[in-house]
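Examining the three-dimensional arrangement
Residue-level listing of the chains:
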Amino acid sequence: MPALNDLDRRLLAALRADGRASVASLARSLDVARATVNSRLERLVSSGTVVGFSVRVRDELDPGTVRAIAFIEVEGRSTDHVIRQLRGFPEISALHTTNGGWDLVAELRTETLTDFDRVLGGIRRIEGVVNSETSLLLSSVLR
């Protein structure tokens, strides 16, 4: 992947703020030509830097109403195995490696607390998972 320069970073920030912004409005806000924005976007997508565009839904209207963060400790060298298993859970919306006391952080979304309990049990049964701690997300005050 090519290194990002200042214009690339500003373009990505503008798209994070409004992913539906037109090329013309992006060009105006970045003080560059529309052709420049088009070519930068094309390069960012084709290089794999931008992997897609999505929609953000108001939390209280989202069908995945039970949201949580799960911290997961993995035994020894089984991280790759655990990651492969976790990728099979559709309720895991994001998975991150991390440093500190935990090896992985998973973002979870389920429809009900019963579903949430089932997912947690499934995570804890994965061979190589030795400990976990999960916190429900109650409301988002900054996104």
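Below: a short report on this structure.

Parameters and conventions
Chains are numbered independently. Their residues run from 1 in the order of the written sequence. Since the coordinates come from a predicted model, pLDDT governs what is reported: local features require at least 70, and pairs of side-chain atoms require 80 or more to be given and counted, while whole-chain, interface and lining totals use all residues. Working from all heavy atoms in the structure, the side-chain values ignore hydrogens and water. Salt bridges are defined by distance alone: a side-chain nitrogen of Lys or Arg within 4 Å of a carboxyl oxygen of Asp or Glu. Note on conventions: DSSP H or I runs of at least 4 residues are helices, E runs of at least 2 residues are strands, and numbering of each starts at the N terminus. Remark: exposure states derive from per-residue accessible area (1.4 Å probe, protein chains only) relative to the maximum for the residue type, with buried under 20%, exposed over 50%, and partly exposed in between. We call a set of buried residues a nonpolar core when its members are Ala, Val, Leu, Ile, Met, Phe, Trp, Tyr or Cys and they connect through side-chain atoms within 4.5 Å of each other. For this analysis, residues touch if any pair of their heavy atoms sits within 4.5 Å. For cavity detection a 1 Å grid was placed over the protein atoms alone, and a set of points counts as a cavity when a 1.4 Å probe fits there but cannot get out; an open set counts as a pocket when protein lies on both sides within 12 Å along at least five of seven lines, with lining residues being those that have an atom within 4 Å of a point. Grid points are joined across faces, edges and corners, and a volume is the space filled by probe spheres set on the points. Polar here means any residue other than Ala, Val, Leu, Ile, Met, Phe, Trp, Tyr, Cys and Pro, which are nonpolar, and Asp, Glu, Lys and Arg, which are charged; Gly is therefore polar.

Applying the stated rule across the entire model yields 4 salt bridges. Ionic pairing is found between Asp6 and Arg10, a salt bridge with its closest N-O pair at 3.2 Å. Taken together, the positions of Asp6 and Arg10, both in helix H1 (residues 6–17) and 4 residues apart, correspond to about one turn of that helix. Residue classification places Asp6 among the partly exposed residues on the basis of a relative accessible area of 47%. Relative accessible area serves as the criterion here: at 35%, Arg10 is assigned to the partly exposed category. The residue Asp8 makes a salt bridge to Arg40 at a minimum N-O spacing of 2.9 Å. Taken together, the residues span a long stretch of sequence, with Asp8 in helix H1 and Arg40 in helix H3 (residues 34–46) at a distance of 32 residues. Neither residue differs from the other here; Asp8 and Arg40 are each classed as buried. Connected via shared salt-bridge partners are Asp8, Arg40 and Arg43.

Before going further, it helps to spend a moment on the nonpolar core. Ranked by internal contacts, the top residues of the largest apolar core, which has 19 residues, are Ile72, Leu86, Leu108 and Ile123. Considering each element in turn, this core owes the most residues, 5 residues, to strand S1 (residues 66–74). Filtering out sequence-adjacent residues up to four positions away, Ile72 remains in contact with Leu86, Trp102, Asp103, Leu104, Ala106, Ile123, Val129, Asn131 and Ser132. The next biggest cluster of nonpolar side chains, apart from the first, holds 12 residues, and it includes Ala21, Leu30, Leu41 and Leu44.

Turning to the layout of surface pockets, a few remarks are in order. Of the pockets and cavities examined, the largest pocket occupies roughly 680 Å³. Lining of the largest pocket is provided by 16 residues; of these, Leu15, Arg16, Gly52, Phe53 and Ser54 occupy positions nearest its centre. For the lining of the largest pocket, the class distribution of residues is 7 nonpolar, 4 polar and 5 charged.

As far as function goes, none of this settles anything; it's purely spatial.
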